[in-house]
Number of protein chains: 2
Amino acid sequence: MADRLMQKATEVLQQAGIRMTPQRRVILHNLYHNRNHPTVEELFRQICDNYPGFHSLSTTTIYNNMRILKKHGLVKEIYSHTGITRYDGNIDTHHHLVCKICDKITDCYYPLPLPIAELQAAEGFAVDDVYIEIRGICPSCKENASTN
Amino acid sequence: MADRLMQKATEVLQQAGIRMTPQRRVILHNLYHNRNHPTVEELFRQICDNYPGFHSLSTTTIYNNMRILKKHGLVKEIYSHTGITRYDGNIDTHHHLVCKICDKITDCYYPLPLPIAELQAAEGFAVDDVYIEIRGICPSCKENASTN
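No experiment lies behind these values; they were computed from the predicted model shown.

Cut-offs applied
Residues numbered from 1 in each chain as written. Chains lettered and ligands numbered in written order. Predicted model: local features only at pLDDT ≥ 70, side-chain atom pairs only at ≥ 80, totals over all residues. Heavy atoms only, no water. Domains from an automatic or database assignment. Buried area = accessible area lost by both parts, 1.4 Å probe. Salt bridge = Lys/Arg side-chain N within 4 Å of Asp/Glu carboxyl O. Polar contact = N/O pair within 3.5 Å; in protein donor to acceptor, adjacent residues only side chain to side chain. Helix = DSSP H or I, 4+ residues; strand = E, 2+ residues; numbered from the N terminus. Buried < 20%, exposed > 50% of the residue type's maximum accessible area, 1.4 Å probe, protein only. Contact = heavy atoms within 4.5 Å. Axes fitted to C-alpha atoms, helices over the stretch in contact; angles between N-to-C directions. Left-handed = near helix turned anticlockwise from the far one by under 90°. Nonpolar A, V, L, I, M, F, W, Y, C, P; charged D, E, K, R; others polar. Least-squares fit on C-alpha atoms with pLDDT ≥ 70 in both. Pairing = 2+ DSSP bridges. Disulfide = S-S within 2.5 Å.

Caption draft 1: Representation of the domain arrangement of chain A in the model. Residues and elements named next belong to chain A. Under the domain assignment used here, chain A contains domain 1 (1-92) and domain 2 (93-148). Computed from C-alpha atoms alone, the centre-to-centre distance between domain 1 and domain 2 is 23 Å. Across the interface of domain 1 and domain 2, roughly 1,000 Å² is buried in total on both sides, 52% from carbon and sulfur atoms. Between domain 1 and domain 2 we count zero salt bridges in total. Between domain 1 and domain 2 we count seven residue pairs in polar contact (both at pLDDT 80 or more) in total.

Following this line, the structure appears as structure tokens:
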């Protein structure tokens, strides 16, 4: 799965005339292998831990590359109720369950069909993407609350 | 509508034992009368313009009050694709159309029914709130693009 995404990313960047630099490769590799919605700072720390020989990276380099990778649809930006920008290497259609107690963000594939064609016609708005964030209490925090 | 919301806000705060200070009153009054999704800085400038005699306010006061007003369901925080936290005085169920060209956020009441009970059962997640952001191109930017 992650290898297929890396292959696709290389092709997408190549077609756009953009080099797959070592920095872009390591950012994507980490995001595609660890689906944990990191902030830029968390991503930086993860890369330092997961790729110990790799030193050509700073949070600024990550910020700058994120703009490019996002523009080409290779990562997604997400904004949970905490107001902190996070990144998602899961570019398939999915939603997020966000726990208001532990702040954990979980990918959710439960189908949530929306009448997008009808909404487009009614609002005159050309829809590219729909972001759905479901906020509440995760199973683990629910259990903790009931046992305390 | 705005007057009804002000009345409700006074009651909610009173029940929670929280004073409706002049600062809270002016923040809510501005948000309920101008449904334009401001950032804290924009809200500060709007209040300076709309309530010229009112000087007992700073962006820090607004930040601090927003936490309280949000906690009691009197305003909503929103996070569009720009990654900037904005506030919404419209606390009724609605969605946001966000234009990726002009960044404008428009309230949308087109019904988007979701199978929340089924999702709750399937994921074991207790749902409080669902945030839906529809991203794309607004009618005005679509028209500009077609005439250029």
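Caption draft 2: Geometry of the environment of Met20(A). All names here are of chain A. Mapped onto the fold, Met20 is located in the loop between α1 (2-15) and α2 (22-33). Owing to a relative accessible area of 15%, Met20 belongs among the buried residues under this scheme. In this structure, the C-alpha to C-alpha distance between Met20 and Thr60, residues 40 residues apart in sequence, is 18 Å. Excluding its chain neighbours within four sequence positions, the residues that come into contact with Met20 are Met6, Ala9, Thr10, Leu13, Arg25 and Leu28.

Caption draft 3: Geometry of the packing of α1(A) against α2(A). All names here are of chain A. The contact between α1 and α2 brings their axes to 9 Å, and the two run at 145 degrees. Note that α1 runs across α2; the crossing there is right-handed. Of the residues in α2, those in contact with Ala2, Asp3, Leu5, Met6, Ala9 and Leu13 of α1 are Arg24, Arg25, Leu28, His29, Tyr32 and His33. Among the residues forming the contact of α1 with α2, the class breakdown is seven nonpolar, two polar and three charged.

Caption draft 4: Representation of the relation of the copies chain A and chain B in the model. For the pair chain A and chain B, the relating rotation is 180 degrees, the translation along its axis is 0.0 Å, and the fit reaches an RMSD of 0.1 Å. Taken together, the rotation and translation relating the two chain copies correspond to the operation of a two-fold axis. Taking the C-alpha atom as reference, chain A places Ile132(A) closest to the rotation axis, 2.3 Å from it. Of all interface residues in chain A, 100% are interface residues in chain B too; the two copies therefore contact each other through one and the same surface.

Caption draft 5: A look at the sheet that holds strand β3 (residues 95-99) of chain A. Spatially, six strands are ordered β4(A)-β3(A)-β5(A)-β5(B)-β3(B)-β4(B) in an open sheet, and the strand pairing comes out mixed. Edge strands, defined here as strands with exactly one partner in the open sheet, are β4 (105-108) of chain A together with β4 (105-108) of chain B. Strand-to-strand twist in this sheet, taken as the mean axis angle between neighbours without regard to direction, amounts to 25 degrees. Bridging between β3(A) and strand β5 (residues 126-137) of chain A involves four bridges; their strand directions are parallel. Bridging across to β5(A), Cys99(A) finds its partner in Gly136(A). Packed on one face of the sheet, helix α5 (residues 116-123) of chain B meets β3, β4 and β5 of chain A together with β5 (126-137) of chain B and runs near 115 degrees to β5(B).

Caption draft 6: Local environment of unusual backbone geometry. Notably, Asp103(A) is not glycine yet its phi reads approximately 70 degrees, a positive angle. Topologically, Asp103(A) is positioned in the loop between β3 and β4.

Caption draft 7: Summary view of the side chain of Thr39(B). All names here are of chain B. Residue position: Thr39 is located in the loop between α2 (22-33) and α3 (40-50). A distance of 3.0 Å separates the side chain of Thr39 from the backbone nitrogen of Glu42, its partner in a polar contact. Setting aside its immediate chain neighbours within four residues, Thr39 contacts Ile84, Thr85 and Arg86.

Caption draft 8: The arrangement of the side chain of Asp88(A) in detail. Residues and elements named next belong to chain A. Along the chain, Asp88 turns up in strand β2 (residues 85-88). Only 2.9 Å separates the side chain of Asp88 from the side chain of His94, close enough to count as a polar contact. Aside from chain neighbours lying at most four places away, what touches Asp88 is His37, Val75, Lys76, Ile78, His94, His96 and Asp107.

Caption draft 9: Focus on the state of the cysteines. Residues and elements named next belong to chain B. Under the definition given, this model contains zero disulfides over all chains. Between Cys108, a cysteine without a disulfide, and Cys138, which holds the nearest cysteine sulfur, the sulfur-to-sulfur distance is 13 Å. This cysteine, Cys138, is not joined by any disulfide, and Cys99 carries the nearest cysteine sulfur, 3.7 Å off. With a relative accessible area of 8%, Cys138 lands in the buried category.

Caption draft 10: Region of the structure containing the interface of chain A and chain B. Residue-level contacts link 40 residues of chain A with 40 residues of chain B. Counting each side, the surface lost to burial between chain A and chain B is near 3,400 Å², with a carbon and sulfur contribution of 63%. Taken together, the links from chain A to chain B amount to four salt bridges. One can count 12 residue pairs in polar contact (both at pLDDT 80 or more) joining chain A with chain B. Counting residues per element, the ones that place at least two in the side of chain A that touches chain B are β1 (76-79), β3, α5 (116-123), β5 and α6 (139-147) of chain A. Take the side of chain A that touches chain B: its biggest share by element is 12 residues, from β5(A). A breakdown of the residues in the side of chain A that touches chain B according to their chemical character gives 23 nonpolar, seven polar and 10 charged. Bridge count for β5(A) against β5(B) is 11 bridges, and the pairing is antiparallel. Each bridged residue has a counterpart across the sheet, and for Asp129(A) the counterpart in β5(B) is Arg135(B).

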